[in-house]
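Spelled out, the chains give:
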Amino acid sequence: MLWFNRHRRFRDKLSAYLDEQLRPDELAALESHLGACPSCSAELEELRLTVAALRELPVEPAPRSFALTPEQVASRPPPPVRAPSPALTNGMRMAGAALAFALAVVLVIDVSDSGGNQGGVSTMNDYGVGAERNADSSGALAPGATTQALAPTPTLAPGATGQAGGGGVGGVTAITPTPGTSGNFSATPEPTPAGRQVAETTPGEEEAAGALPQASPAGLPATSEQAETDNGLDTLRLAEIALAGALALVVAGAVALAIAGRKRTA
Amino acid sequence: MSATVQTSSDEGDLIARSRKGDLPAFNLLVERYQTPLFNFCLRVLRSPQAAEDATQEAFISAYRALGRFRGGSFRAWVFRIAVNACYDELRRRRARPALSLDRPERGEGPLLEPPSDAPTLQEHAERRELERAIQAALARLPEDQRVAVVLCDIQGMDYAEIAEAVGVSLGTVKSRISRARARLRTLLMAHGELLPSRFRPTSEGT
């Protein structure tokens, strides 16, 4: 047993030895062992031959030129395989959309009931616009230009911007922060040119604003906490909290899918 | 074999221009890396067609991702993209195993035309034999080990560059290479008759 273990330790180092990757003390120990051990020496020799055979593999010429054409880099749709299954993505989008819509309705009712700030019905028009923008799914290769729509522009739902976009080839960070959306209360629908989703809010949706910037579900619990400004209708509050929570789960699930889709086995 | 090199200045210039949308400049980079990238994909994926697709994929991705290149070894960076393209293809194959049956595994046709520099038929036949034996052995490695050993012993990258290209630690690289070589040794030596004679271990050793 001991013999076997000692040899195993040396044999594990043979490869590094070939690449001159051993520390001086390891090197000395191995070389001294090799001097006395025919079987490890034989194995080293066979490893050397193996590496030599690999290095002698013919280098195949490229079968053609891989030079890119402008068409290839401009209009080529990103490869679909990076996305999670379309059914799942669509399901999540529908769920996200439905929840966002329901949340919006509830919030509007809440706000108009408390007779306070101007309702945000108009911003719900952005919803449709924004949803079209990021309709394509899949891991984009453009630097941040295409995103994977997690929840289609839930303009009234806090924090649920579809930012877990692809382009993961270079080991890219998934979430690109949307600049300047914190505390953005303007109701102007203004999709940014890079296709990033800016979650617009109306002044009425103060509780939503605090959770805007990143597509992180962590923002959403804050919403439910802030949602007790008014001691209005308990039912409405519960509905808001429940919907916001459910939306958070959907967004979290979609983000997790996007990340898992790019993860490589170690 | 090339050691790890920092991006040379003319390459740096090409990269800078490419980032600004200078496609011809990028295509000079493509020219420089297409043969190594294609060979890498070929050894990992075994199929010339798949290798071609993965290589094309990788260059398109690389162009689009140029904004994210932060300096350091451009070779490792572009190989990383190729590694990912290969993993994608391998994953696709796992998802649809039936379709991979028609991929040529042995004796892929176009590659086995006599290279113009082979002096004799004998030597050419030996090369084919070697290629077939190694390709078969590589195919039996787990994918991670295959990628590591191809980058090391076929592309000539050092451990640090491989770690960058694959996105794992140096220790993981060392261990994958060690295991890959040990397994290849077992496979190749066991079927020594497939190897050209100079690769068969002799009793005297060398």
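Residues numbered from 1 in each chain as written. Chains lettered and ligands numbered in written order. Predicted model: local features only at pLDDT ≥ 70, side-chain atom pairs only at ≥ 80, totals over all residues. Heavy atoms only, no water.

Right, let's get into the overall build of chain A. The helix and strand inventory of chain A stands at nine helices and zero strands. Reading the helices (α) and strands (β) of chain A from amino to carboxyl end gives α-α-α-α-α-α-α-α-α. Classification of the 266 residues of chain A by burial places 46% in the buried group. The contacts in chain A between residues at least 6 apart in sequence include a share of 67% that link residues at least 24 apart. (Helix = DSSP H or I, 4+ residues; strand = E, 2+ residues; numbered from the N terminus. Buried < 20%, exposed > 50% of the residue type's maximum accessible area, 1.4 Å probe, protein only. Contact = heavy atoms within 4.5 Å.)

Before going further, it helps to examine a nonpolar patch on the surface. A surface patch of nonpolar side chains, amounting to about 240 Å² of accessible area, comprises Phe101, Val105 and Ile109 of chain A. In this fold, isoleucine 109 of chain A is placed in helix H5 (residues 86–113). (Patch = residues over 30% accessible without salt bridge, like charges linked within 9 Å, V, L, I, M, F, W, Y side chains within 5 Å. Areas by Shrake-Rupley, 256 points an atom, 1.4 Å probe, with all protein chains shown as cover. Salt bridge = Lys/Arg side-chain N within 4 Å of Asp/Glu carboxyl O.)

Residue and element names in this part refer to chain B. Here helix H4 (residues 74–95) crosses helix H7 (residues 159–166) at 45°, and the two axes come no closer than 7 Å. Judged by the angle between their axes, H4 and H7 are oblique. At the point where H4 passes H7, the crossing takes the right-handed sense. Contact with H4, carried on its side by Arg75, Ala76, Phe79, Arg80 and Val83, involves Glu161, Glu164 and Ala165 of H7 and no other residues of that element. (Axes fitted to C-alpha atoms, helices over the stretch in contact; angles between N-to-C directions. Parallel < 35°, antiparallel > 145°, perpendicular 65-115°, else oblique. Left-handed = near helix turned anticlockwise from the far one by under 90°.)

Residues and elements named next belong to chain B. Across the eight residues that make up H7, a large majority, six, are buried. Turning to H7, its buried residues are Tyr159, Glu161, Ile162, Ala163, Ala165 and Val166. Directly after H7, the chain includes glycine 167, whose backbone phi takes a positive value near 80°.

Below, the discussion takes up the packing of helix H2 (residues 23–45) of chain B against helix H3 (residues 48–65) of chain B. Residue and element names in this part refer to chain B. At a closest axis distance of 8 Å, the pairing of H2 and H3 adopts a crossing angle of 145°. At the point where H2 passes H3, the crossing takes the right-handed sense. Contacts from Leu23, Phe26, Val30, Tyr33, Gln34, Leu37, Phe38, Cys41, Leu42 and Leu45 in H2 reach Pro48, Ala50, Ala51, Glu52, Ala54, Thr55, Ala58, Phe59, Ala62 and Tyr63 in H3. Considered class by class, the residues forming the contact of H2 with H3 number 17 nonpolar, two polar and one charged. (Nonpolar A, V, L, I, M, F, W, Y, C, P; charged D, E, K, R; others polar.)

Mapped onto the elements, arginine 181 of chain B comes out in helix H8 (residues 170–190). Here arginine 181 of chain B is in contact with Ser15, Leu18, Asp19, Leu47, Thr50, Val51 and Arg55 of chain A together with Val149, Cys152, Asp153 and Tyr159 of chain B, once residues within four sequence places are set aside.

Turning our attention to the nonpolar core. All names here are of chain B. One finds Phe26, Phe40, Phe74, Trp77, Val78 and Leu151 to be the most contacted residues of the largest nonpolar core, which totals 69 residues. Top element by residues in this core is H2. It accounts for 13 residues. Shared between two domains, this core holds at least three residues of each, these being domain 1 (1–96) and domain 2 (120–206). Apart from residues lying up to four places away in sequence, valine 78 is in contact with Tyr33, Leu37, Phe59 and Ala62. (Core = buried A, V, L, I, M, F, W, Y, C linked by side-chain atoms within 4.5 Å. Domains from an automatic or database assignment.)

This part covers the packing of aromatic side chains. The full count for this structure, using the stated rule, is eight aromatic pairs over all chains. Connected via pairs of aromatic rings, a cluster forms that spans Tyr33, Phe69, Phe74 and Trp77 of chain B. (Phe/Tyr/Trp six-rings, centres within 6.5 Å; stacked < 30°, edge-to-face > 60°.)

So, about the pattern of salt bridges. Summed over the entire model, instances satisfying the criterion amount to 22 salt bridges over all chains. Here arginine 11 of chain A makes a salt bridge to glutamate 43 of chain A, at a shortest N to O gap of 2.5 Å. You can see arginine 11 of chain A sitting in helix H1 (residues 2–18) and its partner glutamate 43 of chain A sitting in helix H3 (residues 38–55), a full 32 residues away along the chain. Arginine 55 of chain A is paired through a salt bridge with aspartate 153 of chain B; the nearest N and O atoms lie 3.2 Å apart. With arginine 55 of chain A in helix H3 and aspartate 153 of chain B in helix H6 (residues 143–154), this residue pair bridges two chains. Taken together, the shared-partner salt bridges connect Lys13, Arg23, Asp25 and Glu26 of chain A into one network.

With that out of the way, let us pick up the confidence of the model for chain A. Model confidence for chain A is summarised by a mean pLDDT of 64, while 47% of its residues fall at 70 or above. Under a pLDDT of 50 for its full length, residues 116–228 of chain A has, in the predicted model, 225 contacts with residues more than four places off or in other chains. (pLDDT = per-residue confidence, 0-100.)

A full pass over the atoms with the stated rule returns zero disulfides over all chains. Left unpaired, cysteine 40 of chain A is separated from the closest cysteine sulfur, that of cysteine 37 of chain A, by 3.6 Å. You can call cysteine 40 of chain A buried: its relative accessible area is 1%. Note on cysteine 86 of chain B: no disulfide assigned, nearest cysteine sulfur contributed by cysteine 41 of chain B at a separation of 3.6 Å. Among the residues examined, cysteine 86 of chain B registers a relative accessible area of 1% and is labelled buried. (Disulfide = S-S within 2.5 Å.)

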